[in-house]
Amino acid sequence: MKKKSSIYLEWLGFSSLGLLTYLLPRSWGKKMGRFIGRLVYHLDAYHRQVALSNLNLAFKNQKTDQEKQKMARSCFENFGEMIADFLKFPSLSPAKRQALIEVQGLEFFHQAQQQKKGLIIISAHYGQWEVASFFLSQLGKLNVIARPLDNPWLEKKLTQMRTSLGAKIIYKQAAARPILRKLQAQEIVVLLIDQNVLEDMAVFVDFFGTLAATTPAASVLALRSQTPLLPAFCLPLQNGRYLIEFKPPIYPEQYGGEREEQILQITQQCTKIIESQIKAAPEHWMWFHNRWKTRPPQEPKK
């Protein structure tokens, strides 16, 4: 458990950054976020090394060391910009927020919705995933699956911001039943499925050529409810706007075989879609997360 002093300092830093982004023009706030991200890249040796190790694993000899270092630095800068702009976003007028959103592939959303079984949107910690809630909540009742932060003060603040953008929060622990109820009510559920999980919670699927411990939650829920899975991503554009892009839906009834094989196949397809999206703009993914930490039990110990 964190010390109360650490909890307070983290909350104070986050609140101070939020106040600065509120007072500054949006463009200045984003620049400040990039600067902070660059500073963290240079000061945080552990997460910098995690990012570089992940990039080496993912791209091997496809990128030079200089290219990987540039991508790692850009990843930290983009994350800082994402946080700063997310802090700014709730203070913008609804009209201004709407003007910042571009959408592609909306026909895929309507196609998946025709089954009237709710909708599971799968995505990743990529681009501006938090801001996407504002647009998605206009399409239907929106529920975001999240893990509570270790800092309860920050968690309260983050929950307030997320709900202000139209999302309801369902925490991961014992989430299956409430999620299934939401789907039965034809609501939208968002799952980010790109992070490492513990061995007893994982299926191992190929991700950038290496097996990665991946949550099967989206696949299990889709199979139980026969709900379509809809990949969606939110990418910042050069003009300061955001592109929300929907991909073709995945229908669980298309997969045959035993249940475990179905889960593995669907999870693999979802992961490959995320991989393809990351490859298109690698600097917008969270490379400093230890994605390949959990190893398959049959893999030789190093």
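Shown above is the structure to which this text applies.
Residues numbered from 1 in each chain as written. Predicted model: local features only at pLDDT ≥ 70, side-chain atom pairs only at ≥ 80, totals over all residues. Heavy atoms only, no water.

Enquirer: An account of the nonpolar core is requested, with residue identities and associated values reported.
Expert: By size, the foremost hydrophobic cluster in this structure holds 49 residues, and its most contacted members are Ile120, Ile179, Phe207, Phe208, Leu229, Ile278 and Trp287. Beyond its immediate sequence surroundings of up to four residues, Ile179 is in contact with Ile145, Ile170, Val189 and Leu221. Listed in part, the 35 residues of the second largest apolar core include Leu87, Leu136, Leu165 and Cys234. (Core = buried A, V, L, I, M, F, W, Y, C linked by side-chain atoms within 4.5 Å. Buried < 20%, exposed > 50% of the residue type's maximum accessible area, 1.4 Å probe, protein only. Contact = heavy atoms within 4.5 Å.)

Enquirer: Can you lay out a nonpolar patch on the surface for me, pointing to particular residues and giving the numbers?
Expert: On the surface, a nonpolar cluster with roughly 470 Å² of combined accessible area is contributed by Tyr8, Leu9, Trp11, Leu12 and Trp153. For the nonpolar patch, the element with the most residues is helix 1 (residues 4-23), which contributes four residues. Within the secondary structure layout, Trp153 lies in helix 8 (residues 152-164). (Patch = residues over 30% accessible without salt bridge, like charges linked within 9 Å, V, L, I, M, F, W, Y side chains within 5 Å. Areas by Shrake-Rupley, 256 points an atom, 1.4 Å probe, with all protein chains shown as cover. Salt bridge = Lys/Arg side-chain N within 4 Å of Asp/Glu carboxyl O. Helix = DSSP H or I, 4+ residues; strand = E, 2+ residues; numbered from the N terminus.)

Enquirer: Break down the pattern of salt bridges for me, with residues and values.
Expert: Within the structure shown, the criterion is met by 13 salt bridges. Glu102 is paired through a salt bridge with Arg241; the nearest N and O atoms lie 2.9 Å apart. Residue Glu102 is located in strand 1 (residues 101-104), and its partner Arg241 is located in the loop between strand 8 (229-236) and strand 9 (242-246); the two are separated by 139 residues in the primary sequence. Classification of Glu102 by relative accessible area gives partly exposed; the value is 26%. We note a salt bridge from Lys247 to Glu245, for which the minimum N-O separation is 3.4 Å. Put simply, Lys30, Arg34, Arg38, Glu77 and Glu81 are held in one network by salt bridges that share partners.

By themselves these figures say nothing about function.
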